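Okay, here's what each chain looks like letter by letter:
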Amino acid sequence: MTPAPPPSRPAPRPARAKPAGHHDGAATRPLRLAIPNKGRLSDDSVDLLRRAGITLQGSSDRRLFATALDGRLQVLFVRARDIPAYVAAGTVDCGMTGLDVVKESGAKVRDLLDLRFGKCRLVLAVPDGDAASGPRDIPDGARVATTYPNLTKAYFAKARRKVRIVGVSGACEVAPMLGVADAITDLASSGSTLAMNHLREVHTILHSTCRLIAPARTDAAVQDELDRLRFALGSVLAARGKRYLLADVPRKALAEIQTFLPGVAGPTVVEIAGHKDLVAIQVVVDEADVYDAVSRLKALGGRGILVMPIDRMVA
Ligand code: AMP
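Quick look at the structure, then.

Some words on the layout of surface pockets
Step number 1: Roughly 970 Å³ of internal volume is contained in the largest pocket.
Step number 2: Together, 34 residues line the largest pocket, and Arg40, Arg81, Asp100, Tyr148 and Leu187 are the ones closest to its centre.
Step number 3: Contributions of two or more residues to the lining of the largest pocket are made by strand S4 (94-98), helix H3 (99-105), strand S9 (183-188) and helix H6 (192-196).
Step number 4: Across the lining of the largest pocket, the residue classes tally to eleven nonpolar, 15 polar and eight charged.

Here you go:
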């Protein structure tokens, strides 16, 4: 089933006294968040919410609508490309979608947080044999196939080139082979799709990741809830690439341990009952440093060493 189209005007707002998601026990309307219903950004969006403690309920197929946080959050599943317009119109209070589609839409929204997944770039690509090394090498009148007509127009206008945009709705990498375009602008991550289609990446137009976006203006109560959501998601991102390390170490080794395990605010040191010469330390370390840290702790007499994942980090 396809999602019902959003109302053309913003849904009526509740009175200020009953703000979105306010949790003082009063009946309020929930904060509305739009996330992609399918495609590359969909699973990562749901996963990020789950890690932030937001478990979705009421949507077994996750295709239309779900609630979370005891009804204080409503999640709408819509097409990634439609999210900027829904957010700008106030149909939802916030959304998660790619910077590429936000820029292409031209929607007036605020970029609240880089969610760091959905990494890709919008690139200019030409057939393998073409010697072009930048937009200025694409001659006036050349045909450029793209699913990003607005960004592409602006890109060539900046390069002072008058190209003809061939708007396609997908798979534009085949356009040069079909003879309908001389160049393309398309999303790439590894570049393998371009290579497979005998295309060469010439220039990057835009680097993109998934973003948390909100309307240009929101009232203070909704903003409060948005800040809470941004904070929760940010704490998950802060914990990425970090590990929690616990160990029992000789008290006399503490000074040296502090030189290579500084942690967020120095390691936490805890007494161990019945052991005068041993203390327990707890410290957050970068994943990349775990290997060396464990080896050095062991060499200094450390034991009971545990390395654990961290879900969220609130500094
Ligand atoms: P969908 O077309 O629904 O899969 O969503 C595509 C969105 O995923 C794009 O708008 C980008 O923000 C993001 N994305 C990340 N990597 C890629 C890639 N290699 N190709 C296409 N889209 C990507």
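Back to the text.
Observations concerning a nonpolar patch on the surface
Step number 1: Taken together, the side chains of Val174, Met177, Leu178 and Val180 define a hydrophobic patch exposed on the protein surface, amounting to about 370 Å² of accessible area.
Step number 2: By the secondary structure assignment, valine 174 is in the loop between strand S8 (164-167) and helix H5 (175-178).

As for the nonpolar core
Step number 1: Membership of the largest hydrophobic core comes to 30 residues, with the highest contact counts inside it found for Leu33, Ile35, Met96, Leu115, Leu212 and Leu233.
Step number 2: Elements with a contribution of two residues or more to this core: strand S1 (31-36), helix H1 (42-51), strand S2 (65-68), strand S3 (73-78), S4, strand S5 (109-114), strand S11 (210-215) and helix H7 (220-239).
Step number 3: Per element, the largest residue contribution to this core is seven residues, and it comes from H7.
Step number 4: Each residue touching leucine 233, except ones within four places of it in the same chain, is listed here: Leu48, Leu49, Ala52, Met96, Leu113, Leu115 and Leu212.
Step number 5: Of all hydrophobic cores here, the second largest spans 15 residues; its members include Ile257, Leu261, Val285 and Leu297.

Some remarks on the site of the ligand
Step number 1: Around the ligand there are 13 residues in total, and Gly39, Arg40, Asp100, Leu187 and Ser189 lie nearest to it.
Step number 2: Taking aspartate 100, its side chain carries an N or O atom lying 2.6 Å from an oxygen atom of the ligand.
Step number 3: Between the ligand and serine 189, the relevant distance is 2.8 Å, taken from a nitrogen atom to a side-chain nitrogen or oxygen of the residue.
Step number 4: Relative to its unbound accessible area of 490 Å², the ligand is 76% covered by the protein chains.
Step number 5: Under a 2 Å grid-point criterion requiring more than half of the atoms, the pocket assigned to the ligand is the largest pocket.
Step number 6: Here the shell around the ligand is built from residues that sort into five nonpolar, four polar and four charged.
Step number 7: Of the residues that make up the shell around the ligand, three or more belong to each of domain 1 (31-117 + 210-238) and domain 2 (120-207).

Concerning the packing of aromatic side chains
Step number 1: As enumerated under the stated definition, the model contains one aromatic pair in all.
Step number 2: In this structure, arginine 81 packs its charged tip against the face of tyrosine 148, placed 4.5 Å from the ring centre.
Step number 3: It is arginine 296 that lies over the ring of phenylalanine 260; its NZ or CZ is 4.2 Å from the centre.

Quick look at the state of the cysteines
Note on terminology: disulfide describes a covalent bond linking the sulfur atoms of two cysteines.
Step number 1: Counting across every chain of the model gives zero disulfides.
Step number 2: Between cysteine 210, a cysteine without a disulfide, and cysteine 120, which holds the nearest cysteine sulfur, the sulfur-to-sulfur distance is 9.9 Å.

Thoughts on the sheet that holds strand S14 (residues 275-286)
Pairing between the strands of a sheet is mediated by backbone hydrogen bonds and can be parallel or antiparallel.
Step number 1: Spatially, four strands are ordered S13-S14-S12-S15 in an open sheet, and the strand pairing comes out antiparallel. Edge strands, defined here as strands with exactly one partner in the open sheet, are strand S13 (268-272) and strand S15 (303-309). When strand polarity is set aside, the average angle formed by the axes of neighbouring strands in this sheet is 20°.
Step number 2: Sheet analysis places strand S12 (residues 242-250) next to S15, joined by five bridges and oriented antiparallel. Counted as the bridge partner of aspartate 248 is arginine 303 from S15.
Step number 3: Sheet strands in contact with helix H9 (residues 287-299) are S12, S14 and S15, and its direction is about 5° off that of S12.

Quick notes on the rules
- Residues numbered from 1 in each chain as written.
- Predicted model: local features only at pLDDT ≥ 70, side-chain atom pairs only at ≥ 80, totals over all residues.
- Heavy atoms only, no water.
- 1 Å grid on protein atoms, 1.4 Å probe; cavity = no way out; pocket = protein on both sides within 12 Å on 5 of 7 lines; lining within 4 Å.
- Points joined across faces, edges and corners; volume = space filled by probe spheres on them.
- Helix = DSSP H or I, 4+ residues; strand = E, 2+ residues; numbered from the N terminus.
- Nonpolar A, V, L, I, M, F, W, Y, C, P; charged D, E, K, R; others polar.
- Patch = residues over 30% accessible without salt bridge, like charges linked within 9 Å, V, L, I, M, F, W, Y side chains within 5 Å.
- Areas by Shrake-Rupley, 256 points an atom, 1.4 Å probe, with all protein chains shown as cover.
- Salt bridge = Lys/Arg side-chain N within 4 Å of Asp/Glu carboxyl O.
- Core = buried A, V, L, I, M, F, W, Y, C linked by side-chain atoms within 4.5 Å.
- Buried < 20%, exposed > 50% of the residue type's maximum accessible area, 1.4 Å probe, protein only.
- Contact = heavy atoms within 4.5 Å.
- Near = heavy atom within 4 Å.
- Polar contact = N/O pair within 3.5 Å; in protein donor to acceptor, adjacent residues only side chain to side chain.
- Sits in = over half its atoms within 2 Å of the grid points.
- Domains from an automatic or database assignment.
- Phe/Tyr/Trp six-rings, centres within 6.5 Å; stacked < 30°, edge-to-face > 60°.
- Lys NZ or Arg CZ within 6 Å of the ring centre and 35° of its normal.
- Disulfide = S-S within 2.5 Å.
- Pairing = 2+ DSSP bridges.
- Axes fitted to C-alpha atoms, helices over the stretch in contact; angles between N-to-C directions.

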